[in-house]
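Commentary on secondary and tertiary structure
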Amino acid sequence: MVIETAQLQEELNKLGNNSELKKEIEFKEKLQALMTEHGKLARDVCEMLDASYRSTSGKVANASTTDGRQKRPLKVYKNPHTGQVVETRGGNHKVIKEWKAKFGNEEVVGWVVEEIA
């Protein structure tokens, strides 16, 4: 244990004397101060320096929803047996589920009369 501590202390001293590391730390501190002064975040700076940063970070920019995902298309179903019309963007609609249980998925999918993006 004493040997490990001495080795770690020696490595720490080497790092403390490393001029390249000191320059990197100084640069980082100055950059953080500048970002704070101008109210910018690291991602803002990355986007300014590299326009492709957003696309490579795995995020999709889309104004259609608040979380960046595209809205599902609005589907309008019309039950030919009852004439009932249902508009939904998802597959969890109560009435659609009931229809699918009664008539089957394939038949109900065929009842889509309009799809709006």
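As the structure is a computational prediction, the values presented were derived from the model and not from experiment.

Observations concerning the pairing of strand β1 (residues 74-78)
Direction of pairing for β1 relative to strand β3 (residues 112-116): antiparallel, over a ladder of 4 bridges. For Y77, the partnering residue across the bridge sits in β3 and is V112. Across 4 bridges, the pairing between β1 and strand β2 (residues 85-88) is antiparallel. Paired with K75 across the bridge in β2 is T88. Joining the antiparallel neighbours β1 and β2 is a turn of 6 residues, in which G83 adopts a positive phi near 80°.

Overview of the confidence of the model for the protein chain
Across the protein chain, the average pLDDT comes to 83, with 88% of residues at or above 70. Within the protein chain, the element-level pLDDT minimum falls on helix α4 (residues 53-56), averaging 64, and the maximum on helix α5 (residues 94-103), averaging 93.

Focus on the side chain of N79
If you trace the backbone, N79 turns up in the loop between β1 and β2. Excluding anything up to four places from it in sequence, N79 contacts Q84, W99, F103 and W111.

Rules used throughout
- Residues numbered from 1 in each chain as written.
- Predicted model: local features only at pLDDT ≥ 70, side-chain atom pairs only at ≥ 80, totals over all residues.
- Heavy atoms only, no water.
- Pairing = 2+ DSSP bridges.
- Helix = DSSP H or I, 4+ residues; strand = E, 2+ residues; numbered from the N terminus.
- pLDDT = per-residue confidence, 0-100.
- Contact = heavy atoms within 4.5 Å.

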